[in-house]
Every structure is written in C-alpha cells, then in structure tokens.
Amino acid sequence: MNDTLGHSIGVRLLQAVAERLGQVVPTEGARVRLGGDEFVLVVQRMRSRAELAALAEQLVARLAQVFDLAGYRIHIGASIGICVCPEDGDDVETLVRNADTAMYEAKQRGRGQYCFYQASMTENAQAKAHLDQLLRLALHSPELTLHYQPLVDAQGRPAGAEALIRWNSPQLGLVSPAQFIPVSEETGFIVPLGAWVLGEACRQVVQWRAQGLKVARVSVNLSVRQLEHEQILQTVREALAETGLEPAALELEITESVIMTSENALLRLRELADLGVTLAIDDFGTGYSSLAYLRQLPVHALKIDRSFIAGIGHSSGDEAIIKAVAGIARNLGLRLVAEGVETDLQRQYLIGHGIDELQGYLVGRPAPAQEFSRLWSCVG
Ligand code: C2E
Ligand code: MG
Ligand code: MG
C-alpha cells in the first residue's frame, strides 16, 4: 500500500486502523503492530469461542468501512486468525505463529474472514513448505521433465502437443502436477518453474523438427500467478528468441476460471497475443464465462473440460453443454478442442458435433519426449 499511495498516506492508514482496533477491542486488551500491515491483539477474560467469534466479526465489519484520508477514499479488508491460550500454545512465540497460520487460512478463504487455529493447519502448512523446498531443489535437475500428449484433428492427422510437467522426487515419488502446481502458485515458485517449462517446450519442438518430426504447435499451461506477473511477456519472448521457434507455434493454455477472475487478464492476454502466440481457454465450461467478455478476448481456441467428455453417451446434461460450447466456438470463430477423449464413442460424437481437435488417452497418453516422437511418427 505504501508503494501505491505514498508513504505518508500509508502511515496514516496504519494509524487509523490501530485507532479503529482500539475502539472495538475491550479496554484491558493490548494492541501491537507486528510489522507491515499485521497487528496482534491480545484479549483477556473471553468466556467462549462464540464471544471471540463475535469480536472478530465486529473487527472485520469495522475495518471494512471506508477510510477517508487526505482526500483518498481507501477500502481495505482484514483477515483474522485466532488462537486461544493455553489450548493453542502457552508461550508468545507459539501463539503468534499459530495465529499467523490461522490468518493465512482466513486469507485463503477470501477477504474479510476470520478463522480459528487448528493443529491440522500447521501439519498442512509444514507439508506444503516441505514440498516447496524439495521442488525448488528439483528445478534444473532430471527430477523435473516434460511429458507431451498429442492432439489430432478430426481426420486423425497430428495437430500439436501439450507439454505437461512431471516430477519424480526421490523422497516423495511421482508427484502429480495437480498437487505441486497449486503449492508453487501459493509460494510464487511457479514463476521460475513456469519459465523453465516454456523454454524447455520450445527447445524440444525445435529439436524434434531438426530430427525431421513435423510438430506444428506446442501448448504450454500458464497459471494465474504467471499470467499476473509482469515478467511473463519477457519470459515468453525469451523462450522464443533463444530457441528460434516462431511465435505461432506456441499456444498458451489458461483456464477459464483464471481468465474470468484475474483483474488484468484482458490486458495481459492482448499483450501476449500481440507477441504472435496463440491462446486457448483450458477446462472450458467449468468456470463462469461471460459471453460478452469472451468475445473481447484475443483467444483462438476453446478446450472443453474433460468432465463433459466423460459424460458422452450417458449424461444428456453433459452433451447439452458440449453442443452449446460447440455453438459458441463456431459463432466466435474459435478452434474447438476436446480433452480427455478415451473412447471411440466419444470421438465419433465429438466429430459429429464439429470438433476440430481431439486429445486424450484414445489418441495417446502423455509421454516423455523420446517416446512421444515414436508415437508421433506412427500417427503422422
Ligand atoms: P490440463 O492442462 O487440463 O491437462 C490435462 C490433464 O488431463 C493432464 O493431467 C493429462 O494427463 C490428463 N489427461 C489427458 N488425457 C486424458 C484422458 O483421456 N483421460 C483422463 N482421465 N485424463 C487425461 P496432468 O498431466 O496430471 O495435469 C493436470 C493439470 O496440471 C493440467 O491440467 C494443468 O492444469 C496443470 N499442469 C500440468 N503441467 C503444467 C505446467 O507446466 N504449468 C502449469 N502452470 N500447469 C501445469
Ligand atoms: Mg492444459
Ligand atoms: Mg484441461
């Protein structure tokens, strides 16, 4: 906040926050600023958790009211973590640490929330910290590799490949990206990790081509933190420049929920599209797309979420969604891709409904680069 509004306003806001806290907290309580924008409140003689919860609600409500400072109207939101002495710790250090853990949990739940500490939160946080630590060590080591999954067009001709990260940890075994990507999102490690993925995927396509394999396009997944980080443009530019891959051969996949909730997504997608890369909306149908918004986005492809594909043949609801998405893609002039295609029935159905490209176990499983090239030679 100090960075965006100037130092003096920041200091005045902190003072105003402290003042409001004082108005709500009982007189025998203590207030301490921990540093940054974190405060610790110590309240005594609370009779029950319900009484603590009521106090937390009051604090949240009071801090949600607008601050009027030197002509600036400032909205802030508070997240509150609560721990109880002696149940949750009997020394200051433990209590502050546990309250902090609970506050982090509250933050995760969104603005203006409070949360009581639970021992499981510490276990969870420790497990994540451990995972993050091991993952950092794995970067640029053989533990991390990319697998590639083929995409084919409706005639079964090769169309491209999606790069999917794999982590084989000596300590943890094979860890699913569905597990470690969200953790690296939280810690910010996704930024260097994602940069490695981009560079490696581009390098691999260039290498394949040099070996005579005609891979027209590689798709790379981007997560929200990467999209929001200003470095992304430079990272994509570098991956292309360093490998010599033409921008049109790189497709970036961004999930629908990220596009719809990220504040500067539209601007960022336009900047990326200006580099000449193509953009696809991943897991389409699971988010809450505004069609008016979708129309403005510089995207080139929609990937229908595999949960709908799984419903083909026995869920009329899923089939209705597939038909609706196909209609949207056709009308907006977007390439339509199905992921998670496992059966011939699904393939036939999708082709009958105007699918442009198919991806899934039926076509080929994600495989290491070498194995992929063998598979690709058979498809092509
Ligand atoms: P996604 O981008 O939707 O990727 C498709 C997922 O579906 C992959 O899971 C793939 O292995 C799986 N899949 C493919 N065909 C089939 C099929 O026929 N049936 C079924 N049941 N599943 C199929 P995976 O590799 O575990 O990746 C999970 C998610 O992790 C990805 O979902 C993507 O969101 C994320 N991810 C993977 N690699 C990266 C990466 O390098 N960067 C980022 N930011 N995210 C990644
Ligand atoms: Mg994807
Ligand atoms: Mg997907």
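Preceding this paragraph is the structure being described.
Summary of the structure given here. Every value quoted in this text rests on a predicted model; they were computed, and no experiment measured them.

## Some details on the overall build of the protein chain
Scanning the protein chain for helices and strands turns up 16 helices and 16 strands. Taken along the three principal axes of its C-alpha coordinates, the protein chain extends 75 × 45 × 45 Å. Split into buried and exposed, the 380 residues of the protein chain put 44% on the buried side. Distance from the positive charge centre (34 side chains) to the negative charge centre (45 side chains) of the protein chain: 3 Å.

## Concerning the coordination of the magnesium ion (ligand 3)
In the first shell of the magnesium ion (ligand 3), the protein supplies Asp282 (OD), Asp283 (OD), Glu339 (OE) and Glu339 (OE), at 2.1 to 2.4 Å from the metal. Each donor residue of the magnesium ion (ligand 3) belongs to the same chain, and together they define the spacing D-D-x55-E. Between the magnesium ion (ligand 3) and the magnesium ion (ligand 2), a spacing of 4.1 Å is present, and a bridge between the two is formed by aspartate 282. In this pair, aspartate 283 is assigned in strand S12 (residues 278–284) and glutamate 339 in the loop between strand S14 (335–338) and helix H15 (344–352), connecting sequence segments 56 residues apart.

## Some points on the state of the cysteines
On inspection of all chains with the given rule, the structure shows zero disulfides. Note on cysteine 83: no disulfide assigned, nearest cysteine sulfur contributed by cysteine 85 at a separation of 8.1 Å.

## Description of the coordination of the magnesium ion (ligand 2)
Every protein donor of the magnesium ion (ligand 2) is accounted for by Glu162 (OE), Asn221 (OD1), Glu253 (OE) and Asp282 (OD), and the metal-donor separations fall at 2.0 to 2.2 Å. Glutamate 253 gets classed as buried once you look at its relative accessible area, which sits at 2%.

## Examining the site of ligand 1
Taken together, the neighbourhood of ligand 1 is formed by 23 residues, with Arg166, Asn221, Arg306, Glu342 and Tyr361 sitting nearest. Here a nitrogen atom of ligand 1 sits 2.9 Å away from a polar atom, N or O, in the side chain of glutamine 149. Interatomic distance of 2.7 Å between a side-chain N/O atom of arginine 306 and an oxygen atom of ligand 1. Protein chains shield 85% of the accessible area of ligand 1, which is 800 Å² for the free molecule.

## A short note on helix H11 (residues 265–274)
Among the residues of H11, Ala265, Leu266, Arg268, Leu269 and Leu272 are the ones counted as buried. One face of H11 carries all of its buried residues, which in axial projection span an arc of 165°. Set apart from the buried face of H11 by more than 90 degrees, the exposed residues are Leu267 and Asp274. Where H11 is buried, its residues meet helix H8 (224–228), helix H9 (231–243), strand S11 (250–255), helix H10 (256–261), S12 and helix H12 (291–296). Count one or two residues on from H11 and you reach glycine 276, which has phi positive near 100°.

## Focus on unusual backbone geometry
Residue proline 86 follows cysteine 85 across a cis peptide bond; omega there is 5°. Mapping proline 86 onto the fold places it in the loop between strand S5 (80–82) and helix H4 (92–108). The backbone of arginine 45 shows a phi angle near 55°, a positive value even though the residue is not glycine. The exposure class of arginine 45 is exposed, given its relative accessible area of 65%. Its identity is not glycine, yet histidine 140 carries a phi of approximately 65°, on the positive side. Mapping histidine 140 onto the fold places it in the loop between helix H5 (119–138) and strand S7 (144–153).

## Let's talk about the packing of aromatic side chains
A complete count under the given rule lists six aromatic pairs for this structure. Arranged with centres 6.4 Å apart and planes meeting at 80°, the rings of tyrosine 114 and phenylalanine 116 form a pair that is edge-to-face. Overall, phenylalanine 116 belongs to the buried group, its relative accessible area being 18%. What links up through ring pairs into an aromatic cluster is the set Tyr148, Trp208, Phe372 and Trp376. Taking the ring centre of phenylalanine 67 as reference, the NZ or CZ of arginine 20 above it sits at 3.6 Å. The ring of tyrosine 361 has arginine 365 sitting right over it, with the charged end atom 3.9 Å from the ring centre.

What counts, and at which threshold
Residues numbered from 1 in each chain as written. Chains lettered and ligands numbered in written order. Predicted model: local features only at pLDDT ≥ 70, side-chain atom pairs only at ≥ 80, totals over all residues. Heavy atoms only, no water. Helix = DSSP H or I, 4+ residues; strand = E, 2+ residues; numbered from the N terminus. Buried < 20%, exposed > 50% of the residue type's maximum accessible area, 1.4 Å probe, protein only. Lys, Arg positive; Asp, Glu negative; His and termini not counted. Charge placed at Lys NZ, Arg CZ, Asp CG, Glu CD. Donors = N, O, S within 2.8 Å, 3.2 Å for Na, K, Ca; no water. Disulfide = S-S within 2.5 Å. Near = heavy atom within 4 Å. Polar contact = N/O pair within 3.5 Å; in protein donor to acceptor, adjacent residues only side chain to side chain. Areas by Shrake-Rupley, 256 points an atom, 1.4 Å probe, with all protein chains shown as cover. Arc of directions from axis to C-beta. Contact = heavy atoms within 4.5 Å. Phe/Tyr/Trp six-rings, centres within 6.5 Å; stacked < 30°, edge-to-face > 60°. Lys NZ or Arg CZ within 6 Å of the ring centre and 35° of its normal.

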